[in-house]
Every structure is written in C-alpha cells, then in structure tokens.
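Read off the chains here:
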Amino acid sequence: MKVLFGDFKTHYNQYKNQIDQAVHRVLESGQYILGNELENFEKAFAVLHGQGYAIGCASGTEAVYLALAACDVSNGDEVITVAHTAVPTISAISMTGATPVFVDIDTDTYVMNINQIEAAIGPKTKAIVPVHLYGQMVDMQPLLKLAAKHKLPVIEDIAQATAATYKGAIAGTLGELGAYSFYPSKNIGAFGDGGAVFAKSKERFEKLLMLRNYGQSKRYHHDIVGINSRLDEIQAAILQCRLPYLKQWNSRRQEIAQKYIAGFKDLTNVLKAPTTHPDNEHVFHLFVIQVEERDQLQAHLLEKGIQTLIHYPTPAHMQKAYSYLGYKPGTLPVTEHITKRILSLPMYPELTDEQIDFVIEVTHQFFAQNKKPLQTVNIVSPVILEQSLS
Ligand SMILES: Cc1ncc(COP(=O)(O)O)c(C=O)c1O
C-alpha cells in the first residue's frame, strides 16, 4: 500500500465538476483580476468569522506582510513571534523592514510560550505575531491581555488553522488582524497560491484594500505605498466553491487524528501524540508526533510506502538567512529539542481508514525493534536562568 503525504489529484477528481465549472466561468467572463468572484469569496470568507471584513491576496506570506503593514510596522521596528514556524512568517516580518524577535514554544502544544513574551517586549516592539501552528491556536487570552497592556497589535498567523477555535472563538477574530494561506495543502487550499487577511475594523480593511493594490484609493491615486498582492479571479472562484466543505474536511481531519491517537495509545513511552489544549478545537492541518529515533522511523515508514515530512527540521533562528540576528544554539531550548524529534504523518481528508490503519501498523512494527524511550524536555529557559542569576 502507498500512503502519500498529500494527494491533490485524488482531491481534484472528487470535486472536478465544481472546480472545472468555476474555472470556466472565470475564463469566459473576461474579468481575471479584482472582479465579482473575489468580492463574493471575500464576503463569504468574512461571514465564516461572523462580523468583519476579508481581503484576498496573493499568498499567506503576503497576508502576514499586508497585516503588518496595515499596522504600520516598518523599518527599525521589532515583531515578536516564534522561530518554530514556517519560515514565511519570518519572511513577511523581514519584508516590512522590521526585526523578528523570537520566543520559545510550549512543550506540549508547540505553539508560542506566552510566558516569555513580556521579557521580549522592548521600546522597538511594534506587534506580536502568534502562529496557530499545526491547526491549534495559541493561548490567546493572556496574550491579548499583555498586548493590550503594552498597546501592541496582535496579528494572528492562521495559515495552518483556518476555522480552529479558542474558547469557542474562531481564529482570526481575536487579534487585530488574521492572516491566512490558501496554499494547496492547507485546510482550505486553492489550486495555486493565495491568501487572505481578516479584519474586524472597516478602517483596517480599507487600508488593506489599498495596500494590496499598489496603494491606490482609486485608479491612479496612490495614497500610500502598496504592492501588488491580489487573489486572482480563478483562485477566488475555486475557493468560493470549496468554502462550504471546510467544516466537513476539518471534521474528517479530527476523525483521522483520533484514529491515530487511539492507535498509538500503547506507545506512550516511545511516541508522543499531539496534545490539544482544553480551550482549543484543533483542526489538524498536520499530525505531528515526537519520537527519539525520528530519522530511523521516517526511513522505515518510507520503505513501507508511507511518506512523511518534518515541520520544521531547522527553526528560523538557526537558518542561514537569519544568522545576522545573532541567536546562539540553546537560545530556544524547547524549539531546538523538538526539532530533532518531530515527524508529520499523512493527514488530509481523503486518507482512507485502511491507509490510517496501515500507518499505525507500520509504526508499531518499527517500535517492536526500536524501544528507545522518548526524552522529555528538561529545560531551564535562558530567560528564567538569567533572572535567577541576577
Ligand atoms: C504558519 C505559516 N505562515 C505563513 C505561511 C505562508 O503561506 P504561503 O505559502 O501561502 O505564502 C505558511 C505556509 O506554509 C505557514 O505554514
């Protein structure tokens, strides 16, 4: 049996008629940029969040960039985020001219460790970007309290967590702005690149409309400095016909996660399954396990026909591009510890129950021979260490 990490072709074939119709409708309309398809999708996407506004843009990276720019983040500012994320979160911060400032992650949920934020806030801090990684949201209540105390906007990176909730509130509605990616593998994906920004306020929405369209208030009137970042009509039409399925797809992801978790119940000594914080509804963009002999397990699974990936093998602060920031190994101990042990198993709605059982069975086969117990993180954060030494 083969289990691909993602299976876009099967997915396309399941929804072929609707997608083909949407594409043809746009092709025949003669309107390919900033037309009715985009407006309709933006309205529907905003409705998903209750009250508010959405703008489509060209990618998730640019969604984060546009959100930061809408909050006037620019050269010389600092933006607090995590190094354990897809590097595009950090690229977007760099695009504004600001400097990313990293805090560590929680040992169980792998998202931003809220307790480290206050120590990272300084006179240059201009915004905080929590990343709702793998499909689970950051602990937003204390984060928002802290942000309000320091008068800092919070921009949620929701690329991996569309329609996830925290204490019943949908991702994107808690911070000042929410940034989404419609990269094909995302919980709702386009058939190409795409992104969106959700805004609660009309003022921010209107600024975002300008920012994504060369800074124009109307044609040839450039009131602010903007870029070209538009979700094209074909992608918008495709996304519009996919939006009604989002809940169903997220439910299937949750069902698959429960099957994996039940299947790995007897392996708790050697395999750590994802932990969902009780305040969260996790939408399982990824299903990430932790094991001690990660590379060996990955090779074993591949040998049996199961593809896996690592999200992410090198955290942003250890990437060459960000060496100028001067982070030393050991600065973000939880991030660095889990980076060596995490493995993403196949997770997408089209996975069959047989495929899930096969992944569980092959994983068990591996642990029948390799019983190295998982090392837990025994870490004193450098921030705490510094405080206790002073
Ligand atoms: C957390 C996170 N932020 C931002 C992005 C950037 O999205 P895109 O690939 O659409 O630019 C991604 C995509 O991988 C992501 O996972």
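Located above this text is the structure these notes cover.
Residues numbered from 1 in each chain as written. Predicted model: local features only at pLDDT ≥ 70, side-chain atom pairs only at ≥ 80, totals over all residues. Heavy atoms only, no water.

## With respect to the sheet that holds strand S8 (residues 177–181)
With mixed pairing, the 4 strands of this open sheet are ordered in space as S1-S9-S8-S5. Both edges of this open sheet fall to strand S1 (53–57) and strand S5 (155–157), since each of them pairs with a single strand only. Strand-to-strand twist in this sheet, taken as the mean axis angle between neighbours without regard to direction, amounts to 20°. Bridge analysis of S8 against strand S9 (residues 195–199) gives 5 bridges, and the strand direction is antiparallel. Counted as the bridge partner of Leu177 is Ala199 from S9. (Pairing = 2+ DSSP bridges. Helix = DSSP H or I, 4+ residues; strand = E, 2+ residues; numbered from the N terminus. Axes fitted to C-alpha atoms, helices over the stretch in contact; angles between N-to-C directions.)

## A short note on the site of the ligand
Near the ligand, the surroundings consist of 15 residues, among which Gly60, Thr61, Asp157, Gln160 and Ser181 are the closest. Between Gly60 and the ligand, the recorded distance is 2.8 Å, taken from a backbone N or O atom to an oxygen atom. Take Thr61: an N or O atom from its side chain is 2.5 Å from an oxygen atom of the ligand. Protein chains shield 90% of the accessible area of the ligand, which is 390 Å² for the free molecule. Its residues assigned to classes, the shell around the ligand shows 5 nonpolar, 8 polar and 2 charged. (Near = heavy atom within 4 Å. Polar contact = N/O pair within 3.5 Å; in protein donor to acceptor, adjacent residues only side chain to side chain. Areas by Shrake-Rupley, 256 points an atom, 1.4 Å probe, with all protein chains shown as cover. Nonpolar A, V, L, I, M, F, W, Y, C, P; charged D, E, K, R; others polar.)

## Description of the environment of Tyr12
Its location among the elements puts Tyr12 in helix H1 (residues 8–14). In this structure the C-alpha to C-alpha distance between Tyr12 and Ser201, which are 189 residues apart in sequence, comes to 36 Å. In this structure, Tyr12 is in contact with Ile19, Asp20 and Phe191, ignoring residues within four places of it in sequence. (Contact = heavy atoms within 4.5 Å.)

## Digging into the pattern of salt bridges
Throughout the structure, instances matching the rule amount to 16 salt bridges. The salt bridge involving Glu42 is made with Arg212; its shortest N-O contact spans 2.7 Å. Residue Glu42 is located in helix H3 (residues 36–48), and its partner Arg212 is located in the loop between helix H8 (202–211) and strand S10 (216–218); the two are separated by 170 residues in the primary sequence. Owing to a relative accessible area of 8%, Glu42 belongs among the buried residues under this scheme. Given a relative accessible area of 6%, Arg212 falls into the buried group. A salt bridge links Lys202 to Glu206, with the nearest nitrogen and oxygen atoms 3.8 Å apart. Of this pair, Lys202 and Glu206 are both found in helix H8, 4 residues apart, which corresponds to roughly one turn of the helix. (Salt bridge = Lys/Arg side-chain N within 4 Å of Asp/Glu carboxyl O. Buried < 20%, exposed > 50% of the residue type's maximum accessible area, 1.4 Å probe, protein only.)

## Some words on a nonpolar patch on the surface
The grouping of Leu27, Tyr32, Ile33 and Leu34 at the surface amounts to a nonpolar patch, some 330 Å² of accessible area in total. Its location among the elements puts Leu34 in the loop between helix H2 (16–29) and H3. (Patch = residues over 30% accessible without salt bridge, like charges linked within 9 Å, V, L, I, M, F, W, Y side chains within 5 Å.)

## Digging into the packing of helix H4 (residues 60–70) against H8
Two elements in contact, H4 and H8, have axes separated by 10 Å at closest approach and are oriented at 125°. Taken together, H4 and H8 sit at an angle that is classed as oblique. H8 is crossed by H4, and the crossing has right-handed handedness. Residues Leu66, Ala67, Ala69 and Ala70 of H4 pack against Arg204, Lys207, Leu208 and Leu211 of H8. (Parallel < 35°, antiparallel > 145°, perpendicular 65-115°, else oblique. Left-handed = near helix turned anticlockwise from the far one by under 90°.)

## Some details on unusual backbone geometry
Here the amide bond leading from His311 into Tyr312 is cis, since omega sits at 15°, within 30 degrees of zero. Residue Ala163 is not a glycine yet carries a positive backbone phi of 75°. By the secondary structure assignment, Ala163 is in the loop between S5 and strand S6 (165–166). Positive phi outside glycine occurs at Lys167, with the angle close to 50°. In this structure, Lys167 sits in the loop between S6 and strand S7 (169–170). In this structure Lys167 comes out as partly exposed when scored by relative accessible area, which is 46%.

## Section: the packing of helix H10 (residues 246–263) against helix H13 (residues 353–369)
At their nearest, the axes of H10 and H13 sit 10 Å apart, and the two run at 30° to each other. Relative to H13, H10 is oriented roughly parallel. Seen along the crossing, H10 lies across H13 with a hand that is right-handed. Contact with H10, carried on its side by Arg252, Ile256, Lys259, Tyr260 and Gly263, involves Asp353, Ile356, Val359, Ile360 and His364 of H13 and no other residues of that element.

## Concerning the side chain of Gln290
For Gln290, the location among the structural elements is in strand S14 (residues 287–291). Engagement of the side chain of Gln290 in a polar contact is seen with the side chain of Tyr110, the distance being 2.8 Å. Residues in contact with Gln290, not counting those within four places in the same chain, are Tyr110, Val270, Leu271, Lys272, His337, Ile338, Arg341, Ile342 and Leu374.

No statement about biological role is implied by the geometric values presented.
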